[in-house]
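Letter by letter, the chains look like this.
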Amino acid sequence: GYFSDPEELPGLAHFCEHMLFLGSKQFPQENSLDAYMTSSTGFSNAFTDSEDTCFFFSCSAEGLSGALERFSAFFVAPLFTEGATEREVNAINSEHLKNLQSDGFRVNQVVSSRSNPAHPNSHFGTGTIKTLLETPKARGIDLRGALLKHFQTFYRAPLMTLCIIGSEPPAMLQAYATKFFGGVAGAGPSGVQWPAERWTDIPPFLEDAFKYGVDVVPVTDARSLDVSFPVRFTGSDLGPRIALDAWRRCNPFQYIGTSLGHEGPQSLLLLLQRRGLATGLGAAIAEENESFAVVSVSIELTSLGLERRSEVLSLLFGCLRLLRESPPWPPELIEENIRLSEAGWSTAETPGASDVVTRLVGNMQKYRDCPSEYIAGGGRLVSDPALPELITALLALLVPSNAMIVTVSRSFANEAREVEPWYGTKFRLWANAEDRLRWAAAPPTPGFAQPAPNRFIPRSLKLKGPRMTRMVRGQLPPAPTLRRNDSFWKVYFRQDTEYGVPRAYACVEFLTSLPRRSASAAVLIKLYEKVLLDGLNAPLLYDARVAGLVFDISSSSRGVRLFLGGFNDRLVDFVEAAMAALVSFDVTADVERFEAQRDILSRELESFSSQQPYQQAAYWTGLSLITPDFSIQDLRGALAKVTLADVAAFATQLWRQERLFGQGLVQGNL
């Protein structure tokens, strides 16, 4: 991965990934694999991450042997021809140029620039024509020589994993592995060093990363606050550690993140929303590698929340203090998380072969020191006696002195003086020493508590119908049956016999031209959807979503569409609750919610100009072909005039039409 790039050649690992596709000693033609994949109805691809690079392909069952022969040649004797070098560097440069307007890449690189310069987390991993061609040439660096050295150092069997899926018996697949990949270089006389061992004792972040907050100017009209906490797994210096094998075996942040990221009653998000400070919140593992992880709490701020950022942070650190000072983590919450994880794992639909191989081959690296069942079930939560102690140890790290704070807003543009070199992102630093003392002293946040038991967790995962044998190519599944057909409804039902999972779904479309009569109507339906979903989130939809249930409302070319589904055991109860909440929902009950959602929609429309070219092409195609449809300019103009009373009147008109006709399909384990 790009952590192993030489300091003088940023992007070398990514460049090596590209060059390996361009011919081998056995198959010197550059497009040999692509041509074969085309004839075998397949494809190939690769990606470079921080500590590994993954190559994969998918093809017809009949083409597996020939594909493996060509694919394996990449790793046995690649050519790395001089003629392909400049062309492929240009391809990498185009990839970088495509990402220049992406706030995800821009903000991440600013954060990376705050890393310890001696740690590879500070690297720029994509590469450009400057880093891979122009600068090396000016400095007399032999790019091809560096490429060969990188390949010979890291593309060795002890550092690599392989996964093959095919219709052949396991013994035959094993024979393929030996036959085609047996020529991959072994450890050699001097052995191999696991790449991460080179930076085991180097701290990924220095004190400056915690002493200064970072204010970043985005391309889009984003407004967010991200609080990240590094968790070290290795190092001989003094400081708290969590063992990597225990971290990966028990996944302690899953439980803390469930409480911090909860969106129901007594949650941090609801407290922030009631003060008008935030519109969204998430807690996740932002980065994980062999030496450290970064866990993150990301908050979508309102304009008021941006002004009162210190208050938002005090509430967050007050919640973390409450979790630290509470009794040992509630065993019922641990059990609930494990039950939900097991339900999702045991009933997951069969993914595509390429998804399976990339997941398994990565897990073979990630869980190499864990029991073998972790390879197939990576991320699956399991009961472990060490878990409560790990949660306590992790909570001890989620403190202001270990927090990296990044705020994103266009309002910083005039004061931002520093520029990140790779993406040109403007940012500024601000000292937070006094703030950190105040946040550390923040009392437990009143009104915040652990989530209540989730009423939507499925009790039974039994199937209600027999599962068919695999259909032959060209065979169609049974057609849905018409269950109701009158002047108000036309409803079809089909029991699942194909997928064999305890889930069911209902899609209902109410036929009406109201949402598409004008640009104003298109804005009104969008605002109604946003206000409704946000209003139902805390009391109903969040718990349902966590338990594998879904509710959505959206406008379509023919009217308004409702989509509900998930584990069928609680589905009827959920549908009844969701429809009751829908018909009784009062749009006018919360003016601040309306203003927050209008602000979000306004910024979404404003960000159109910074979207990727393919997204803009799709927009213009739709505007040309779909009638009626409305331009971004028309929607912006309509949004500027909309009031809360307009949205309420629109909702009343929508649901009280005399002849509102509904058509739907219900399908699944019912």
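Residues numbered from 1 in each chain as written. Predicted model: local features only at pLDDT ≥ 70, side-chain atom pairs only at ≥ 80, totals over all residues. Heavy atoms only, no water.

J.: How should I be thinking about the overall build of the protein chain in this particular structure?
T.: Across its full length, the protein chain holds 25 helices and 15 strands. The C-alpha radius of gyration computed for the protein chain amounts to 27 Å, which stays within 12% of the reference 26 Å derived for 670 residues, consistent with globular compactness. In terms of overall dimensions, the protein chain has C-alpha extents of about 80 × 70 × 55 Å along its principal axes. Of all 670 residues assigned to the protein chain, the portion counted as buried reaches 49%. (Helix = DSSP H or I, 4+ residues; strand = E, 2+ residues; numbered from the N terminus. Rg over C-alpha atoms; globule rule 2.2 N^0.38 Å. Buried < 20%, exposed > 50% of the residue type's maximum accessible area, 1.4 Å probe, protein only.)

J.: Explanation requested: the layout of surface pockets in the structure shown.
T.: Over the atoms rolls a probe the size of a water molecule, and its path tells where empty space is left. Its volume calculated, the second largest pocket comes out at about 1100 Å³. Taken together, 42 residues make up the lining of the second largest pocket; nearest its centre are Gly-104, Phe-105, Asn-108, Gln-109 and Ser-112. Elements with a contribution of two residues or more to the lining of the second largest pocket: α1 (12-19), β1 (43-48), α4 (82-99), α5 (103-113), β4 (223-232), β5 (278-288), β6 (292-301) and β7 (404-409). (1 Å grid on protein atoms, 1.4 Å probe; cavity = no way out; pocket = protein on both sides within 12 Å on 5 of 7 lines; lining within 4 Å. Points joined across faces, edges and corners; volume = space filled by probe spheres on them.)

J.: Would you explain empty space enclosed by the protein in this entry?
T.: Under the defined criterion, the tally for this structure stands at three cavities of 30 Å³ or more. Considered as a void within the structure, the largest cavity measures approximately 70 Å³ in volume. Forming the boundary of the largest cavity are Val-110, Val-111, Arg-114, Phe-205, Ala-209, Tyr-212, Val-214, Met-404, Ile-405 and Val-406. Residue assignment for the lining of the largest cavity shows that the elements contributing at least two residues are α5, β3 (212-216) and β7. It is β7 that provides the largest number of residues to the lining of the largest cavity, a total of three residues. Residue classes in the lining of the largest cavity are distributed as nine nonpolar, no polar and one charged. Volume-wise, the second largest cavity comes out at about 60 Å³. Around the second largest cavity, the lining residues are Phe-21, Gly-23, Ser-24, Phe-27, Gln-29, Glu-30, Ser-32, Leu-33, Arg-70 and Phe-74. Sorting the residues of the lining of the second largest cavity by element identifies α2 (32-39) and α3 (64-76) as the ones contributing at least two each. (Nonpolar A, V, L, I, M, F, W, Y, C, P; charged D, E, K, R; others polar.)

J.: Where do I start with the packing of helix α20 (residues 519-546) against helix α21 (residues 571-584) in this structure?
T.: Each pair of packed helices can be summarised by the angle the axes make with each other and by the distance between the axes. Look at α20 against α21: their axes get within 11 Å of each other, and the N-to-C directions meet at 145°. The handedness of the crossing between α20 and α21 comes out as right-handed. Counting all contacts with α20, which are made through Tyr-528, Leu-532, Leu-536, Leu-540, Leu-541 and Ala-544, the residues of α21 involved are Phe-574, Ala-577, Ala-578, Ala-581 and Leu-582. (Axes fitted to C-alpha atoms, helices over the stretch in contact; angles between N-to-C directions. Left-handed = near helix turned anticlockwise from the far one by under 90°. Contact = heavy atoms within 4.5 Å.)

J.: Hey, could you run me through α5 in this one?
T.: Side chains that are three or four residues apart share a direction in an α-helix, a result of its 3.6 residues per turn. Listed as buried for α5 are Asp-103, Arg-106, Val-107, Gln-109, Val-110 and Ser-112. Of the surrounding secondary structure, the elements contacted by the buried residues of α5 are β3, β7 and β9 (426-431).

J.: So what exactly am I meant to see when it comes to the pairing of strand β13 (residues 549-556) here?
T.: Regular strands have side chains that alternate between both faces of the sheet. Here β13 pairs with strand β14 (residues 559-567) via eight bridges, running antiparallel. Paired with Ser-554 across the two strands is Arg-561, which belongs to β14. (Pairing = 2+ DSSP bridges.)

J.: Where do I start with unusual backbone geometry in this structure?
T.: With the exception of glycine, most residues fall at negative phi, and the peptide bonds are largely trans. Residues Thr-627 and Pro-628 are joined by a peptide bond in cis, for which omega reads -5°. Relative to the helices and strands, Pro-628 resides in the loop between α23 (613-625) and α24 (632-641). Residues other than glycine seldom take positive phi values, yet Phe-80 does so here, at roughly 50°. Mapping Phe-80 onto the fold places it in the loop between α3 and α4. At Asn-251, a residue that is not glycine, the phi angle is positive and equals roughly 50°. Note that Asn-251 resides in the loop between α10 (244-250) and α11 (253-260).

J.: So what exactly am I meant to see when it comes to the sheet that holds β4 here?
T.: Backbone-to-backbone hydrogen bonds join strands into a sheet, with any given pair of strands oriented parallel or antiparallel. If you walk across this open sheet you meet the seven strands as β5-β6-β4-β7-β3-β9-β8, and the pairing is mixed. Only two strands of the sheet have a single neighbouring strand rather than two, namely β5 and β8 (418-419). Bridge count between β4 and β6: nine bridges; the pairing is antiparallel. By the bridge assignment for β6, Ser-224 is matched with Glu-300.

J.: Help me understand α1 in this model?
T.: Burial within α1 is extensive, with eight of its eight residues counted as buried. Within the span of α1, buried status applies to Leu-12, Ala-13, His-14, Phe-15, Cys-16, Glu-17, His-18 and Met-19. Lining the buried residues of α1 we find β1, β2 (53-58), α4, α6 (129-139) and α7 (143-154).

J.: How should the side chain of Asn-99 be read in this particular structure?
T.: Relative to the assigned elements, Asn-99 resides in helix α4. Dropping the residues within four chain positions of it, Asn-99 is found in contact with Phe-105 and Tyr-423.

J.: Just to check I follow, could you spell out the pattern of salt bridges for this structure?
T.: For side chains of opposite charge, pairing can occur when their charged atoms come near one another. Taken as a whole and judged by the stated rule, the model has 29 salt bridges. The salt bridge partner of Arg-321 is Glu-325, with a shortest N-O separation of 2.8 Å. Here Glu-325 and Arg-321 lie together in helix α14 (residues 309-325), a separation of four residues that amounts to about one turn. The structure contains a network of salt bridges with shared partners spanning Arg-248, Glu-288, Glu-290, Lys-366 and Arg-368. (Salt bridge = Lys/Arg side-chain N within 4 Å of Asp/Glu carboxyl O.)

J.: Could you clarify how one ought to interpret the packing of aromatic side chains in this entry?
T.: Each aromatic ring pair is characterised by the separation of its centres together with the angle its planes make. Scanning the model with the defined rule gives 30 aromatic pairs in all. Ring geometry for Phe-124 versus Tyr-423: centroids 6.0 Å apart, planes at 85°, classification edge-to-face. With Phe-124 in the loop between α5 and α6 and Tyr-423 in the loop between β8 and β9, the pair connects residues that are 299 residues apart, well separated along the chain. Phe-124 gets classed as buried once you look at its relative accessible area, which sits at 3%. Between Phe-510 and Trp-655 the ring centres are 5.5 Å apart and the planes differ by 90°, which places this aromatic pair in the edge-to-face class. Linking Phe-510 in strand β12 (residues 503-511) with Trp-655 in helix α25 (residues 644-655), this pair joins segments that are 145 residues apart in sequence. The class of Phe-510 is buried, set by a relative accessible area of 10%. (Phe/Tyr/Trp six-rings, centres within 6.5 Å; stacked < 30°, edge-to-face > 60°.)

Keep in mind these numbers describe shape, not what the thing actually does.
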